Amino acid sequence: MRIILHIDMDAFFAAVEERENPQFSHKPVVVGADPQGGSGRGVVSTANYAARRYGIRSAMPISRAWRLAEDARRRGELATIFVTPNFHAYEDASERIMAIIAPLGDRFEQASIDEAYVDVSSAGSFAKARVLAERIKRAIRENERLTASIGVGPNKLVAKIASDFKKPDGLTVVEPDGVLEFLAPLAIRALPGIGPKTETELAKRGVRTIGDLHNISRTVLVEAFGKWGDGLWRHARGQSEDPVSNDGEPKSVGEQETFERDTLAASFILERMRDLGAAVVRRLHNEGFATFRTVVITVRFADFATATRSHTSRTPLTSADDLYAESLRMLLPFLDARENPRRKAIRLIGVRVEKLARAQSRADRVY
Ligand SMILES: [Mg+2]
């Protein structure tokens, strides 16, 4: 029997800010781009739970978050504190948290800066796994003064959905014979890979909950969505064989950003590309990689036409400056007649790195 834990820190960036700044406590806190009195560009990284009460969410334009905060303040509610991200503090906290979790299971996989899976099958029962999960929550609270939500399930898929079920500071245990019943009432977007587009597509067929999906045959889903439909059928039943392992680690790390307004303003676009690249390199290092060789950029125009360009360097690249230089070379032609003869405005840019290598293997890769 497999037993998997998914540990997910609650409103992580905002929670670290609250811890570091006692004057923030019990106040709405938004970590993200500078709102500049409502005219700022960029998005919310994390909103704490008090800010979420105002309707503020991750990935929302910061200008919209600012307006929601102002509306709340005018209603006489607490003023919102906007903070720009301090990634070093989040990475330090993440490292210490992962060091608490990693030794407690048979296998460990860090999924992001604030999420990890632990295979605890050797605990032998879901009751013992629950005790272990409680111990992890307590250790994180006592050592880091932060809360985590944990899901326990028969595989990574169910564990992840369970950790999200009750937040913050939740603990949800789903035993194998309770999986279908647990999933049935949840909205289909709880499943991995269901974006707003698929959600709309499925809603047209009357499918809103995972339980609705249970009523559709495998054949119909495969006919409608191909191989992906088969995966959907299995996911809806909580079936997944994905092992807990750092071998399945990312082959690429990327970031993208949709602009609030379509634009062809070079200085703005280049500045956003520099910031995205810096974020990519931070994540790369955070996930234990030292170098990359391939850089891929994406450009989506206002009419949704999308282009990608990639380049593989013969020597390993390491820094945000390396990445910016490479991405700039590929991006600039889209700002003029070379790749953009009709001068279409740009809606989204993205940058991704591939052919990653860890620090220790770097010597082998240099040639
Ligand atoms: Mg989290």
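The present account deals with the structure reproduced in this document. (Residues numbered from 1 in each chain as written. Predicted model: local features only at pLDDT ≥ 70, side-chain atom pairs only at ≥ 80, totals over all residues.)

1. Topic: the environment of Val-295
Phase 1: Tracing the backbone shows Val-295 in strand 10 (residues 289-301).
Phase 2: On a C-alpha basis, the gap between Val-295 and Asp-8 in space is 30 Å, while along the polypeptide they are 287 residues apart.
Phase 3: Excluding anything up to four places from it in sequence, Val-295 contacts Ser-310, His-311, Leu-323, Glu-326, Ser-327, Val-351 and Val-353. (Helix = DSSP H or I, 4+ residues; strand = E, 2+ residues; numbered from the N terminus. Contact = placed C-beta atoms within 7 Å.)

2. A closer look at the sheet that holds strand 3 (residues 44-47)
Phase 1: Taken in spatial order, the 3 strands of this open sheet run 3-2-4, and their pairing is mixed. Single-partner strands in this sheet number two, and they are strand 3 and strand 4 (81-83). Strand after strand, the sheet turns through a mean of 25° between neighbouring axes, direction not considered.
Phase 2: Relative to strand 3, strand 2 (residues 29-32) is paired through 3 bridges, and the arrangement is antiparallel. (Pairing = 2+ DSSP bridges. Axes fitted to C-alpha atoms, helices over the stretch in contact; angles between N-to-C directions.)

3. Details of the nonpolar core
Phase 1: Grouped together as the largest cluster of nonpolar side chains are 65 residues, with contacts concentrated most on Leu-5, Val-30, Ile-56, Ala-65 and Val-152.
Phase 2: Filtering out sequence-adjacent residues up to four positions away, Leu-5 remains in contact with Gly-105, Tyr-117, Val-118, Val-120, Ala-129, Ala-133, Ile-150, Val-152 and Ala-159.
Phase 3: Core analysis: the second largest hydrophobic core is formed by 20 residues, Leu-276, Val-295, Tyr-324 and Val-351 among them. (Core = buried A, V, L, I, M, F, W, Y, C linked by C-beta atoms within 7 Å. Buried ≥ 20, exposed ≤ 12 C-beta atoms within 10 Å, placed from the backbone.)

4. Describing the sheet that holds strand 6 (residues 115-119)
Paired through backbone hydrogen bonds, the strands of a sheet run either parallel or antiparallel to each other.
Phase 1: The strand order across the open sheet formed by 5 strands is 5-6-1-7-8, and the pairing between neighbours is mixed. At either end of the open sheet lies a strand with only one pairing partner, and these are strand 5 (107-112) and strand 8 (171-173). The average angle at which neighbouring strand axes cross in this sheet is 15°, direction not considered.
Phase 2: Seen against the sheet, helix 6 (residues 156-163) touches strand 1 (4-9), strand 6, strand 7 (148-153) and strand 8 and runs at an angle of roughly 145° to strand 7.

5. Topic: unusual backbone geometry
Phase 1: Following Lys-167, the chain continues to Pro-168 via a peptide bond in cis, the omega torsion being -10°.
Phase 2: Mapping Pro-168 onto the fold places it in the loop between helix 6 and strand 8.
Phase 3: Notably, Ala-11 is not glycine yet its phi reads approximately 40°, a positive angle.
Phase 4: Relative to the helices and strands, Ala-11 is located in the loop between strand 1 and helix 1 (12-20).
Phase 5: The phi dihedral of Arg-145 falls on the positive side, at around 50°, and the residue is not glycine.
Phase 6: Relative to the helices and strands, Arg-145 is located in the loop between helix 5 (126-144) and strand 7.

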